[in-house]
Amino acid sequence: MNKVLFFALAKHQRLYFQRLLDETALEGKVVVPAQMPWPKPWQLPDVVKRINWPQLIEEKCHERRVKRKYEGGLYKLLLRLELAWMALRVQALLLREKPANVAMWNGSHRYCQLLLALLPQDCQTFFFENGLLPNTTTLDTKGVNYRNSVPRDAAFFRDYQAPEGAACAELALVPRKPRNTGLPVIELPERFVFIPFQDDRDTQVRLFSPWVADMRQLFALGERLAAETGVTVVFKEHPASRESYPDLHARSHERLLFANGNNTQALIQASQFVITLNSTVGLESILLGKPVLTLGQAFFNIPGLVSHADSADELIAQARVFPDWSLDERIRDNFLRYMAAEYCVEGGWLDADVVQLQRVVSRMQRLGR
């Protein structure tokens, strides 16, 4: 395999990428933004026409809006200058290194988007992320989350057979340690629908939730669901979110509850079904055999695997016909087999040993051109 140029934006990325080079036979270089060469201003005309500037600016301004930060005219002007400066440095980096392979974490950051826009057509890309199954790492040549390369065709999973000799990871959910301790555990109702909150700042919400803008809107959908169908809805706030919701707690009642102190796995297992935008709780629910209704763009929006709603009316309609959803146990089983046997790299990156690093390199070699 040709050398790999690793583009790192955070310390944990740089350290992991460097370990791939230091502890395996993989060759390449790790580069952080501060190490990129100085720009060549005369390259600006060529660079400008290759980048979708309105999309980059809007995505960053949307992130600022979510964080309640200033995003007015002065900020947009400074952002344009920053992006142009970084684009020229990225172009200079590519001209200097002439990489055949480029690797990055996630790929949604604006600097990664600049890099992707300026890459030569024949350059192979690799995207890293947290694993989608327990104790795994994501490595994809196309993207992560909704942009990943997992097939979306129900027929593929209905007929799927794992390759002979493929090592399947243990398909068991590893209970997550709670980040917030001391929160009260509520007594759960006998029958309820579980709606886990996500982090409004996360790209899963900002980029891949076209009709539910934030968790307040998600709560309002739960309110309507309880009012129109009579079901009890249980929410749980995302443990990493910096947002607090005293206004939503004030609107809760006996059929609209928060269970922030309860174990997520227990909430999944006790619920009738789970409603999520596109979170990992949706995947965990699939792993536990619980019906899932998605509202956002999720790579697991596969007919037969989950149910899906593109509007509030569709959400209510789907809830009314539950449990008569068109879910296929064979598709679920084969989806999990595919994820374990072929897609996910066994072993988490955070506590990777040499064996895990070598698995990643072997996968890169198989996927590389």
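Scroll up to find the structure this text is about.
### Some remarks on the overall build of the protein chain
- Helices and strands together make up the secondary structure of the protein chain, namely 14 helices and twelve strands.
- Taken over C-alpha atoms, the radius of gyration comes to 22 Å for the protein chain, in line with the 21 Å a tight globule of 369 residues would show.
- The 369 residues of the protein chain split such that 51% are buried.
- Counting contacts in the protein chain only where the partners sit at least 6 residues apart, residues at least 24 apart contribute 67% of the total.

### Description of helix α3 (residues 53-66)
- With 14 residues, α3 ought to run about 20 Å at 1.5 Å a step, and its terminal C-alpha atoms sit 20 Å apart, in line with that.
- Listed as buried for α3 are W53, L56, I57, E59, K60, C61, E63, R64 and V66.
- Each element contacted by the buried residues of α3 is listed here: α2 (44-48), α4 (73-97), α5 (110-118) and α7 (203-206).
- Sitting at the amino-terminal end of α3 is N52, which places a side-chain oxygen 3.2 Å from the backbone nitrogen of Q55.
- Following α3 by one or two positions, R68 adopts a phi angle in the positive range, close to 60°.

### Structural notes on α5
- Among the nine residues that make up α5, seven are buried, leaving the element largely enclosed by the rest of the structure.
- Along α5, the positions that sit buried rather than exposed are R110, Y111, C112, Q113, L114, L115 and L118.
- Looking at the buried positions of α5, the neighbouring elements they touch are β1 (4-7), α2, α3, α4 and β3 (101-105).

### Points about a nonpolar patch on the surface
- A cluster of nonpolar residues, Y70, L74, L77, L78 and L81, forms a patch on the protein surface that exposes about 530 Å² of accessible area.
- Secondary-structure assignment places L74 in helix α4.

### Points about the packing of α4 against α5
- Contact geometry of α4 with α5 gives a least axis separation of 9 Å together with a crossing angle of 50°. By the criterion of interaxial angle, the relationship of α4 to α5 is oblique. Every pair of crossing elements has a handedness; the one defined by α4 and α5 is right-handed. Residue-level contacts link L79, E82, L83, M86, A87, V90, Q91 and L94 of α4 to R110, Y111, L114, L115 and L118 of α5.
- Tallied by class, the residues present in the contact of α4 with α5 amount to ten nonpolar, one polar and two charged.

### Some words on the pairing of strand β5 (residues 136-140)
- With five of five residues buried, β5 is to be regarded as a mostly interior element.
- Where burial is concerned, the two faces of β5 agree: the one with T136, T138 and D140 and the one with T137 and L139 are both buried.
- With antiparallel pairing between neighbouring strands as the criterion, strand β4 (residues 124-130) and β5 make up a hairpin whose turn holds five residues, including N135 at a positive phi of roughly 55°.

### Section: the sheet that holds strand β10 (residues 292-294)
- One open sheet holds the six strands; their spatial order is β8-β7-β6-β9-β10-β11, and the pairing between them is parallel. Looking along the sheet, the strands with just one partner apiece sit at the ends: β8 (256-258) and β11 (307-308).
- Packing of helix α8 (residues 215-229) onto the sheet brings it into contact with β6 (193-196), β7 (233-236), β8 and β9 (273-276), and relative to β7 it is tilted by some 165°.
- Contacting β6, β9 and β10, helix α11 (residues 280-287) crosses the sheet at an angle of about 155° to β10.

Conventions used here
Every residue gets a number counted from 1 within its own chain, in the order that chain's sequence is written. In keeping with the predicted nature of the model, local features appear solely for residues at pLDDT of at least 70, side-chain atom pairs appear and are counted solely at 80 or more, and the whole-chain, interface and lining totals rest on all residues. Just so you know, side-chain values use all the structure's heavy atoms and leave hydrogens and water out. The helix and strand labels rest on DSSP assignments: H or I over at least four residues marks a helix, E over at least two residues marks a strand, and numbering proceeds from the N terminus. Radius of gyration here is computed from C-alpha atoms only, and the compact-globule reference equals 2.2 Å multiplied by the residue count raised to the power 0.38. Type-normalised accessible area, obtained with a 1.4 Å probe on protein chains alone, sets the label of each residue: buried when under 20%, exposed when over 50%, and partly exposed for intermediate values. Throughout, a residue-residue contact means that at least one pair of heavy atoms, one from each residue, lies within 4.5 Å. Expected span of a helix: the number of residues minus one, times 1.5 Å. Counted as a polar contact is a pair of N or O atoms within 3.5 Å, where, for protein atoms, one must be capable of donating a hydrogen and the other of accepting one, and residues adjacent in sequence contribute only when both atoms are in side chains. Like charges are joined within 9 Å and nonpolar side chains (Val, Leu, Ile, Met, Phe, Trp, Tyr) within 5 Å, but only among residues with over 30% relative accessible area and no salt bridge; these make up the patches. Values of accessible area rely on a 1.4 Å probe in the Shrake-Rupley scheme; residue burial ignores everything except the protein chains shown. Every case where a carboxyl oxygen of Asp or Glu lies within 4 Å of a side-chain nitrogen of Lys or Arg is listed as a salt bridge. Every axis corresponds to a line fitted to the C-alpha atoms, with the helix fit spanning only the stretch in contact, and the corresponding angles, defined between N-to-C directions, vary from 0 to 180 degrees. When an angle is under 35 degrees it counts as roughly parallel; over 145 it counts as roughly antiparallel; between 65 and 115 it counts as roughly perpendicular; any other value is oblique. A crossing counts as left-handed when the near helix is turned anticlockwise from the far one by less than a right angle, and as right-handed when that turn is clockwise. Each residue gets one of three labels, nonpolar for Ala, Val, Leu, Ile, Met, Phe, Trp, Tyr, Cys and Pro, charged for Asp, Glu, Lys and Arg, and polar for the others, Gly among them. Any two strands with at least two DSSP bridges between them are considered paired.

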